[in-house]
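Each chain, letter by letter, is given below.
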Amino acid sequence: MDYMILGILLLGNRTIYQLRERVNKGLHLMYSSSMGSIQAAVKKLQSGGFIRYEETVENGKYKKIYSITDSGKQHFSEWVNSPIEAYGTKNPELGKVYFMGFSEEKNRKRNLEKYLLHLEEQYDVLNAICKEADSIKVAAEYEDILFYQLAAARYGRDFMKFNIGWYQNLLKEIRD
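Residues numbered from 1 in each chain as written. Predicted model: local features only at pLDDT ≥ 70, side-chain atom pairs only at ≥ 80, totals over all residues. Heavy atoms only, no water.

Looking at this structure, how should I read the side chain of Thr-15?
With respect to the helices, strands and loops of the structure, Thr-15 is situated in the loop between helix H1 (2-11) and helix H2 (16-24). Residue class for Thr-15 comes out buried when judged on its relative accessible area of 9%. Leaving out residues up to four positions away in the same chain, Thr-15 has contacts with Lys-63, Lys-64, Ile-65 and Tyr-66. (Helix = DSSP H or I, 4+ residues; strand = E, 2+ residues; numbered from the N terminus. Buried < 20%, exposed > 50% of the residue type's maximum accessible area, 1.4 Å probe, protein only. Contact = heavy atoms within 4.5 Å.)

In structure tokens form, the structure reads like this:
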């Protein structure tokens, strides 16, 4: 989460709520978008000197606007320029499928259908992001950034599509 926040702040200063909003738009597939995990990462980054904030008053409310420091930019640059590490394909949801034979038969289909709806909702969000991106025009210096952000969104969309097909096939096997 730390590097996601640093990357988001490279794009522009944000409040913690704006950080969460951005994580919810596509990055939640990589990291938890809970306010607790974002606040913990912000606190860690702040104590490390990688981000700072300025307090402002807007409509009578205090707001903290976070920005990345030079050392935060350096820290992010070292991370983003290092080789991609393979963490495996951990999928905790698959653990429930693995032990589904222990669940009550009446719950199996219902739980799989409910999960399938969740996957379809995620697919729709990512598909909308990918379609919207077709019309985004950015300055030349941001074209590479946008290209790779959209590549990650396409990966998420395609991964969701694969999962939807896999769970649909599992439901079909259960019914047959």
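Mind showing me how you'd approach the pairing of strand S2 (residues 61-68) here?
Consecutive residues of a regular strand have side chains that alternate between opposite faces of the sheet. Bridge count for strand S1 (residues 51-58) against S2 is 8 bridges, and the pairing is antiparallel. In the sheet register, Arg-52 faces S2, and the bridge partner there is Ser-67. Where S1 folds back onto S2 in an antiparallel hairpin, the turn is made up of 2 residues, including Asn-59, whose phi is positive at roughly 55°. (Pairing = 2+ DSSP bridges.)

Explain the packing of aromatic side chains here, please?
Any two aromatic rings considered together are summarised by their centre-to-centre distance and by the angle between their planes. One pass over the structure, following the stated rule, counts 9 aromatic pairs. Connected via pairs of aromatic rings, a cluster forms that spans Tyr-3, Phe-76 and Trp-79. The ring of Phe-147 has Arg-154 sitting right over it, with the charged end atom 5.9 Å from the ring centre. (Phe/Tyr/Trp six-rings, centres within 6.5 Å; stacked < 30°, edge-to-face > 60°. Lys NZ or Arg CZ within 6 Å of the ring centre and 35° of its normal.)

Explain the packing of H1 against helix H3 (residues 35-47) here, please?
Each pair of packed helices can be summarised by the angle the axes make with each other and by the distance between the axes. Viewed as axis vectors pointing N to C, H1 and H3 meet at an angle of 75°, and their least axial separation amounts to 9 Å. One way to sum up the angle between H1 and H3 is to call them roughly perpendicular. Residue-level inspection shows Asp-2, Ile-5 and Leu-6 of H1 in contact with H3, the latter providing Ile-38, Ala-41, Val-42, Lys-44 and Leu-45. Looking at the contact of H1 with H3 residue by residue, the class counts come to 6 nonpolar, no polar and 2 charged. (Axes fitted to C-alpha atoms, helices over the stretch in contact; angles between N-to-C directions. Parallel < 35°, antiparallel > 145°, perpendicular 65-115°, else oblique. Nonpolar A, V, L, I, M, F, W, Y, C, P; charged D, E, K, R; others polar.)

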